[in-house]
Amino acid sequence: HMPGASGIELTGIIREQDRFAELPIIFLSGELDPEQQMAALRIGGDDFLAKPVAPDRLVEVVRQRLQRARERVRRLREPDMLDELTRLASRDRLLQRLDRLIGQTPVGRAATAGQPPERQPAERQPAGRRALIYLELHGSEEALERLAAEVAARIAGDDLAARVGERAVAVLMRRENNLALAEAAQTLTYQLGKMLAESVVGAALGAGWYPLTGGCNDSVTLLSRAGKAARWSLRQGERQVGHYVHEEREADETTHESAIREAIEADQLQLLFEPMVALTGAQGERYEVTPRLRLGDGELLPPADFAPVAARTGLAGRLDRWLLSAALDVLKSRLDAGRPVQLFIHQSLAGTADADWADWLRDQINARNLIRLRPIVQFEVAEADASLDLAKARASQLGRLGIRLCLNGLDFSQRSARVLHAVPASFTRIARRVVQGPEADSIAWLVQSAKACGAHVIATGGDSPASITRLFAAGVELIQGPYVQPPTAQMDFDFAGAEGSDRRRGF
C-alpha cells in the first residue's frame, strides 16, 4: 500500500527486467488478506511477512534470502553453466531459461482475455516478445571464438547468449514485437557475417529464429527448430535469417510416420530425462524419461508431436515397446553401477492393447534381472477415461508384476475423477495447465482428492520459488520443471544437494 505504485505493481516492473530475475523481494506489510498475499507471491515476491514482525525474524528471513540468491549466482558461475571455449552460457543454462519462459501468456489484450479482472495484476507478464536466434557456423574453432566474442559485444543487456553445439551459438532476445525481433536478428546476422568474411578465411554463417509464442512448449524442440532454420540459411549463403515454418499436417504425418518407423528400426530415438525432486521426506533419484524423434533435417520432435501420428498409423505399440525396452536398459545399467534410479515411463493405452503386452513386459524385466528395480508406468488420464476397462485391466496386471502406475494430466474435470477412483495408481501428476493456470489456488483440493485415493502427487511446471512454495503448501510431494532442471540427455542431477538444500527447507 504505497503511493504511486503498489508493492505488487512495483514487483511486476522489477521482474520485467531479466537482470533482476534473481533479486530477492520480500513484502513487509500489514495486509492480512490471503488473496493479496498470494498475489504478491505470484507476481514474483519471494516471501511475505505480516506486520508486526519480530526483529530477529525479519533479520533471519533477509539473511536466508540473501544466502539463496548468492547460491544461485554461484551456480550460474560454475563451469557447467558457462562454456569454457566461448565464455558464453552453456546449452543447459539456455534450456533452463527457455523452459521457464515457454508458455507465458503473451502481453496485450489477449493476455488477460477470459480472466477475471481481479486476477490480472498478479498474472502480469513481462512486456515485449521473445525469440531464439540460432547461429550456425561453418568454420574453425578460432572462428567460433571470434563469433562468440562479437555476439557477446553486440547483444543487449537482457539477452542471453549460449553455445548450443560444436559450431553453434544461440541468443535469447526480447524486443518490443516480432518485427523488432526479426530486424534485430537480421542486423546481427549481417554484421556477424560481414565480420567473419573480412577476418576469417573460409568461414560462413547461417541464422534462424523461432518465437517463444510459436506454439511450441518444449525447449529442446524449440532449439532444434531454430537450428533447422539456421541450417537452411547456411545453405542459402546470403546472410539471410531463416524463419522456421511448420509444414502442413498431411505432409507432417507422412514424414513423421516414416521417421518413426526408421528410428525404431535403427534404434535412433533419443531419450531425455527430467528429474523429480521431493518436497517431503522421500529420498532417492527419480526421473521421467521421454523420447524425442529426430527428423532428417535435425529437428527434434517431442512426444506430443509424433505420438498421435504413431497412434493413428498403428505404430503406437512398436513405439511404446521401444521406449520400455530402452528405459529398462537404462535401469539395468544404473543397477549394475550401484546407482539405482526410479524411472517413470509413458505408455499409451493403444500401445498396450495387444493381449500379450503384460507378458512381454514381464519377460523384458526378467531378462534384465530387474526383479529388485521395477519401472513406474505412466498412463494419460484422457486415454484411460476413453478406454477405462483396458486401463483397469492393465493396472491390475502391472500390480501383479510389482509395477506401480502413475496417472498423468490430473485436473478438475469429471474425467479425472472417474479415472482416479477407477484405476488404482501410486502416483498422479497434476496437469501443467492447472499448475500455471487460473485454477492454481484450488490445487490443494485436487491434491487431497488424489491422496484420498492412495496416490502420491507430482506437479510439473513450477518455475519460481513462489510457485513451488504454493505447491508445497497444497500438499504436493514431488516437483519437476524448469526450476528443478529441464529434460537432458544425461542423468546427472544432484539430488542430494537439491533435497538437502535451502530449496527444500524453504518450502
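Keep in mind that what you see is a predicted model, and the values were worked out from it rather than measured.

## Some remarks on the overall build of the protein chain
No. 1: Counting its secondary structure elements, the protein chain contains 19 helices and 17 strands.
No. 2: Put simply, the protein chain has 507 residues, and 50% of those count as buried.
No. 3: Contacts spanning at least 24 positions in sequence make up 68% of the contacts within the protein chain whose residues lie at least 6 apart.
No. 4: Only carbon and sulfur atoms are counted for the fraction: they give 50% of the accessible area of the protein chain, which is about 23200 Å².

## Let's talk about a negative patch on the surface
No. 1: On the surface, Glu 141, Glu 142, Glu 145 and Glu 166 cluster together into a negatively charged patch.
No. 2: As for its placement among the helices and strands, Glu 166 is situated in the loop between strand E4 (160–165) and strand E5 (168–175).
No. 3: For Glu 166, a relative accessible area of 62% corresponds to the exposed category.

## Re the confidence of the model for the protein chain
No. 1: Per-residue pLDDT for the protein chain averages 82, and the proportion of residues at 70 or more is 85%.
No. 2: Taken element by element, the predicted model of the protein chain shows its lowest mean pLDDT in helix H19 (residues 502–505) (38) and its highest in strand E13 (residues 376–380) (96).
No. 3: Contacts of residues 247–251 to residues separated by more than four positions or lying in other chains number three contacts, the stretch itself having pLDDT below 50.

## Digging into the side chain of Thr 428
No. 1: As for its position among the elements, Thr 428 is in strand E15 (residues 427–430).
No. 2: Residue class for Thr 428 comes out buried when judged on its relative accessible area of 0%.
No. 3: Once residues lying within four places of it in the same chain are set aside, the contact partners of Thr 428 are Cys 406, Leu 407, Leu 410, Leu 420, Ala 450, Ala 455, His 456, Val 457 and Ile 458.

## Quick notes on the environment of Ala 230
No. 1: In this structure, Ala 230 sits in helix H7 (residues 219–236).
No. 2: Exposure remark for Ala 230: the relative accessible area of 0% places this residue in the buried category.
No. 3: For the pair formed by Ala 230 and Leu 205, sequence separation is 25 residues and the distance between their alpha carbons is 8.5 Å.
No. 4: If near-sequence neighbours (up to four positions away) are discounted, Ala 230 is found in contact with Tyr 134, Glu 136, Gly 206, Ala 207 and Gly 208.

## Observations regarding the packing of aromatic side chains
No. 1: Taken as a whole and assessed by the stated rule, the structure comprises six aromatic pairs.
No. 2: With 6.0 Å between their ring centres and 10 degrees between their planes, Phe 27 and Phe 48 make a pair best called stacked. Of this pair, Phe 27 sits in strand E1 (residues 26–29) while Phe 48 sits in strand E2 (residues 47–50), and the two are 21 residues apart along the sequence. For the pair Phe 27 and Phe 48, one class covers both residues: buried.

## Description of a nonpolar patch on the surface
No. 1: Taken together, the side chains of Met 2, Leu 10 and Ile 13 make up a nonpolar region of the molecular surface, amounting to roughly 250 Å² of accessible area.
No. 2: Here Leu 10 lies in helix H1 (residues 7–15).
No. 3: Residue Leu 10 is classed as partly exposed on the basis of its relative accessible area of 39%.

## Section: unusual backbone geometry
No. 1: Looking along the chain, the bond that leaves Lys 51 and enters Pro 52 is cis, with omega of -10 degrees.
No. 2: When you line up the elements, Pro 52 lands in the loop between E2 and helix H3 (55–76).

## Remarks on the pairing of strand E16 (residues 456–460)
No. 1: For E16, the tally of buried residues reaches four of five residues, placing the bulk of the element in the interior.
No. 2: Here four bridges tie E15 to E16, and the two strands are oriented parallel to one another. Along E16, the bridge assignment pairs Ile 430 with Ala 459.
No. 3: Bridge count for E16 against strand E17 (residues 478–480) is three bridges, and the pairing is parallel. The residue of E17 that forms the bridge with Ile 458 is Leu 478.

## Some details on the environment of Lys 51
No. 1: Looking at the element boundaries, Lys 51 is found in the loop between E2 and H3.
No. 2: As for Lys 51 and Ser 29, which are separated by 22 residues in sequence, their C-alpha atoms are 5.5 Å apart.
No. 3: Discounting residues that sit within four places of it in the chain, Lys 51 has contacts with Leu 28, Ser 29 and Gly 30.

## Observations regarding the pairing of strand E3 (residues 129–138)
No. 1: Counting buried positions along E3 gives eight out of ten residues, so the element sits mostly inside the fold.
No. 2: Direction of pairing for E3 relative to E5: antiparallel, over a ladder of eight bridges. Note that in E5 the partner of Ile 133 across the bridge is Val 171.
No. 3: When E3 meets strand E6 (residues 204–211), the two strands line up antiparallel, connected through eight bridges. Note that in E6 the partner of Ala 131 across the bridge is Pro 211.

## Description of H7
No. 1: Here H7 is 18 residues long and its end C-alpha atoms lie 26 Å apart, about the 26 Å a rise of 1.5 Å per residue gives.
No. 2: With 13 of its 18 residues buried, H7 lies for the most part within the structure.
No. 3: Among the residues trailing H7, Gly 237 stands out with phi positive, at a value near 65 degrees.

## A look at the pattern of salt bridges
No. 1: All chains considered together, the criterion is met by 19 salt bridges.
No. 2: Arg 433 is the partner of Asp 411 in a salt bridge, and the nearest nitrogen-oxygen pair spans 2.5 Å. Linking Asp 411 in the loop between strand E14 (404–410) and helix H14 (414–422) with Arg 433 in helix H15 (residues 432–435), this pair joins segments that are 22 residues apart in sequence.
No. 3: Shared partners join several salt bridges into a network, and the residues in it are Glu 285, Arg 334 and Arg 339.

## Let's talk about helix H17 (residues 465–474)
No. 1: Burial analysis of H17 places seven of its ten residues in the buried class, the great majority of the element.
No. 2: Among the residues of H17, those classed as buried are Pro 465, Ala 466, Ser 467, Ile 468, Arg 470, Leu 471 and Ala 474.
No. 3: Lining the buried residues of H17 we find helix H2 (34–42), H15, helix H16 (443–452), E16 and E17.
No. 4: Downstream of H17 by one or two residues, Gly 475 has phi in the positive range, about 105 degrees.

About the thresholds
Residues numbered from 1 in each chain as written. Predicted model: local features only at pLDDT ≥ 70, side-chain atom pairs only at ≥ 80, totals over all residues. Heavy atoms only, no water. Helix = DSSP H or I, 4+ residues; strand = E, 2+ residues; numbered from the N terminus. Buried < 20%, exposed > 50% of the residue type's maximum accessible area, 1.4 Å probe, protein only. Contact = heavy atoms within 4.5 Å. Areas by Shrake-Rupley, 256 points an atom, 1.4 Å probe, with all protein chains shown as cover. Patch = residues over 30% accessible without salt bridge, like charges linked within 9 Å, V, L, I, M, F, W, Y side chains within 5 Å. Salt bridge = Lys/Arg side-chain N within 4 Å of Asp/Glu carboxyl O. Lys, Arg positive; Asp, Glu negative; His and termini not counted. Charge placed at Lys NZ, Arg CZ, Asp CG, Glu CD. pLDDT = per-residue confidence, 0-100. Phe/Tyr/Trp six-rings, centres within 6.5 Å; stacked < 30°, edge-to-face > 60°. Pairing = 2+ DSSP bridges. Expected span 1.5 Å × (residues − 1).

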